[in-house]
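Overview (structure and organization)
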Amino acid sequence: MPFDLYNPTDEHSMLRRTVRDFVTREVEPQAIASDRAEKFNLPLFRRAGELGLLGLTVSADDGGAGLDATAAVIAHEELAASDPGFTLAYLAHSMLFTNNFFVNASEEQRRRILPKVVSGEWIAGMCMSEPGAGTDVLGMKTTAKREGDKYLLDGRKMWITNGCVDDHTLGDCFLVYARTAER
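Residues numbered from 1 in each chain as written. Predicted model: local features only at pLDDT ≥ 70, side-chain atom pairs only at ≥ 80, totals over all residues. Heavy atoms only, no water.

With that settled, the discussion passes to the layout of surface pockets. There is about 520 Å³ of room inside the largest pocket. Q109, Y151, F174, L175 and V176 are the residues nearest the centre of the largest pocket, which is lined by 18 residues in total. Tallied by class, residues from the lining of the largest pocket come to 13 nonpolar, four polar and one charged. The set of elements that each furnish at least two residues to the lining of the second largest pocket consists of helix 1 (10-37) and helix 4 (84-104). Split by residue class, the lining of the second largest pocket holds five nonpolar, six polar and six charged. (1 Å grid on protein atoms, 1.4 Å probe; cavity = no way out; pocket = protein on both sides within 12 Å on 5 of 7 lines; lining within 4 Å. Points joined across faces, edges and corners; volume = space filled by probe spheres on them. Nonpolar A, V, L, I, M, F, W, Y, C, P; charged D, E, K, R; others polar. Helix = DSSP H or I, 4+ residues; strand = E, 2+ residues; numbered from the N terminus.)

Below you can see the structure in the form of structure tokens.
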């Protein structure tokens, strides 16, 4: 069998089929209505968690699928073909938060938080954009100053994907980009 650039392993091919089936059966039927209503489809998001899609790059030991960056791209490609808005929420949760958190968190933090975000019980994201700086992290003004075993944040963030799930529900867990040292 010749090498397939888009599905380099059998596992990648199986993932693509699984996500494509999920998109056909569950994402596509709701995409237009959900986008027009500008609503976050929480039950669909949690379904992605049940399928193991919210922790693709998290090790199996930590409750994820233990897959690679290619697998993450495959999932994003298949989801975006149907519902780019849902895919952005998925990206903010599964990559900007979950992958980043998995790589950088302590063992205790991973044990406490990863099961909830990998399953979709908690909705997560990343706080980077600021008024006057947008996504330019070099222009970021928010600071984090250590006070004992905690950090005190001072600044403003905006455009937080997954920040509000609906009119009454906020996201559950976020990484906040902040300066910890003077420039």
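Glancing now at the packing of helix 4 against helix 5 (residues 107-119). Interaxial distance between helix 4 and helix 5 falls to 10 Å at its minimum, and their mutual angle equals 160°. One finds that helix 4 runs roughly antiparallel with respect to helix 5. Here the hand of the crossing between helix 4 and helix 5 comes out left-handed. Where helix 4 abuts helix 5, its residues H93, F97, T98, F101 and F102 lie against Q109, R110, I113, L114, V117 and V118. (Axes fitted to C-alpha atoms, helices over the stretch in contact; angles between N-to-C directions. Parallel < 35°, antiparallel > 145°, perpendicular 65-115°, else oblique. Left-handed = near helix turned anticlockwise from the far one by under 90°. Contact = heavy atoms within 4.5 Å.)

Across the interface, helix 3 (residues 69-80) lies against helix 4 with an axial gap of 8 Å and an inter-helix angle of 160°. When the axis of helix 3 is compared with that of helix 4, the two are roughly antiparallel. For the pair helix 3 and helix 4, contact is made by A72, A75, H76, L79 and A80 and by P84, F86, T87, Y90, L91, S94 and M95, respectively. In terms of residue class, the contact of helix 3 with helix 4 is made up of nine nonpolar, three polar and no charged.

What follows is about helix 5. Taking 1.5 Å of rise per residue, 13 residues should cover 18 Å, and helix 5 covers 18 Å from first to last C-alpha, within 8% of that figure. Of all the bends in helix 5, the greatest, near 40°, is centred on I113, and the proline P115 appears no more than four residues after it. Of the residues making up helix 5, those classed as buried are R110, I113, L114, V117 and V118. Along its buried surface, helix 5 packs onto helix 2 (42-50), helix 4, strand 1 (124-127) and strand 4 (173-176). After helix 5 finishes, the residue G120 shows a positive phi value of roughly 90°. (Expected span 1.5 Å × (residues − 1). Bend = angle between axes of the 7 residues up to and from the residue. Buried < 20%, exposed > 50% of the residue type's maximum accessible area, 1.4 Å probe, protein only.)

With that out of the way, let us pick up the pairing of strand 2 (residues 143-147). Examined bridge by bridge, strand 2 and strand 3 (residues 150-154) share five bridges and lie antiparallel to one another. Bridging from a neighbouring strand, K145 pairs with L152 of strand 3. Following strand 2, the chain reverses through two residues before pairing antiparallel with strand 3; G148 in that reversal takes a positive phi of roughly 70°. (Pairing = 2+ DSSP bridges.)

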